[in-house]
Amino acid sequence: MDKFGLEALLPLIKQDDTELSKKYNHAMTIGTDLSSMLHSLGIPRDNQRYRILDTFQSPWAETSRSEVEPRFFTPESFKNIPNVLQSKVTPPVFNSIENDQQRVTLFQDETLFYLFYKHPGTVIQELTYLELRKRNWRYHKTLKAWLTKDPMVEPLVSGDGLSERGSYIFFDPQRWEKCQREFVLFYNAIM
């Protein structure tokens, strides 16, 4: 058995009575079971509905709950538009190209990005793609991100006419925000 592989970790996780598990301190290798603190919190052990991780803020005492939990909000473009959001049980339905195309034009850019990334390979993704193109956003195939020219700075076209250098606004899908940066854009990399 490879002593540094996953098979060597199995006896430690199972807490077998082998020499390997006796050699190492279990608390140091697999951590501390937080459910053992349930009794001190006044929560019965047999309460299946209560999960300790729902209230566990952070392992660091100096981190507040507001720093750990992300803040969510409903985009303004979803509010005050009839039949965009039905009940909480039923998600929005996109089933009529004419109606959907009209609704898509009312959405903010962030909502369009959400629909684009959330519904790959569907008609709604295509409709959001077309609407973002109308708004001068371009999809970068390699970066898999949307970008648009900074309206205040005119880019410099290269001598061969295959690229341009300038200031662009990118939509970062990982951080879900728009950010500006200098960039060399090759025309064949965008859609």
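Note that this is a predicted model, so its numbers are computed, not measured. Going along each chain's sequence as written, the residues are numbered from 1 onward. Predicted model: local features are reported for residues with pLDDT of at least 70 only, side-chain atom pairs are reported and counted for 80 or more only, and whole-chain, interface and lining totals are derived from all residues. Side-chain numbers come from the whole structure's heavy atoms, not from hydrogens or water.

A. Highlighting the overall build of the chain. Helix and strand assignments follow DSSP, with helices taken as H or I runs no shorter than four residues and strands as E runs no shorter than two, numbered in order from the N terminus. Scanning the chain for helices and strands turns up seven helices and five strands. Starting at the N terminus and walking to the C terminus, you meet the elements of the chain as α-α-α-α-α-α-α-β-β-β-β-β. The criterion used for residue contact is that any of the two residues' heavy atoms lie within 4.5 Å. Contacts spanning at least 24 positions in sequence make up 36% of the contacts within the chain whose residues lie at least 6 apart. Entry remark: accessible area of the chain is about 14,500 Å², with carbon and sulfur atoms responsible for 55%. Each accessible area is a Shrake-Rupley result for a 1.4 Å probe, and residues are judged covered by the shown protein chains and nothing else.

B. Summary view of helix α5 (residues 97-104). Listed in full, the buried residues belonging to α5 are Asp-100, Arg-103 and Val-104. On an axial view of α5, the arc spanned by its buried residues comes to 100°, and they lie on one face. Exposed and facing more than 90 degrees away from the buried side of α5 are Glu-98 and Gln-102. Elements in contact with the buried residues of α5: α6 (109-118) and α7 (123-134). Note on exposure labels: buried denotes an accessible area under 20% of the residue type's maximum, exposed denotes more than 50%, and partly exposed covers the range between, all computed with a 1.4 Å probe on protein chains only. Regarding the arc, it is the one traced by the directions from the helix axis to the C-beta atoms.

C. Molecular detail of the side chain of Thr-128. Within the secondary structure, Thr-128 is located in helix α7. Accessibility expressed as a relative area gives 0% for Thr-128, which makes it buried. With sequence-adjacent residues up to four places away left out, Thr-128 is seen in contact with Val-104, Leu-112, Leu-115 and Phe-116.

D. Examining the pairing of strand β2 (residues 145-149) more closely. Taken across its five residues, β2 has four buried, putting it largely inside the fold. Here the rule is simple: two strands pair whenever DSSP picks up at least two bridges between them. Sheet analysis places strand β1 (residues 138-140) next to β2, joined by three bridges and oriented antiparallel. Opposite His-140, over in β2, you have Ala-145 as the bridge partner. Across four bridges, β2 lies against strand β4 (residues 163-172) in antiparallel orientation. The residue bridging Trp-146 from the neighbouring strand is Phe-171, located in β4.

E. Seen up close, α6. Those residues of α6 that fall on the buried side of the exposure criterion are Asp-109, Thr-111, Leu-112, Phe-113, Leu-115 and Phe-116. Among the structural elements, α5, α7, β1, β2, β4 and β5 (177-186) are those in contact with the buried residues of α6.

F. Spotlight on the pattern of salt bridges. The term salt bridge refers to a pairing of a side-chain nitrogen on Lys or Arg with a carboxyl oxygen on Asp or Glu at a separation within 4 Å. For the structure shown, the criterion picks out eight salt bridges. Salt-bridge contacts for Lys-149 lead to Glu-164; the nearest nitrogen and oxygen are separated by 3.7 Å. Placement of Lys-149 in strand β2 and of Glu-164 in strand β4 is noted, with a sequence separation of 15 residues between them. Residue Glu-164 is classed as buried on the basis of its relative accessible area, which comes to 5%.

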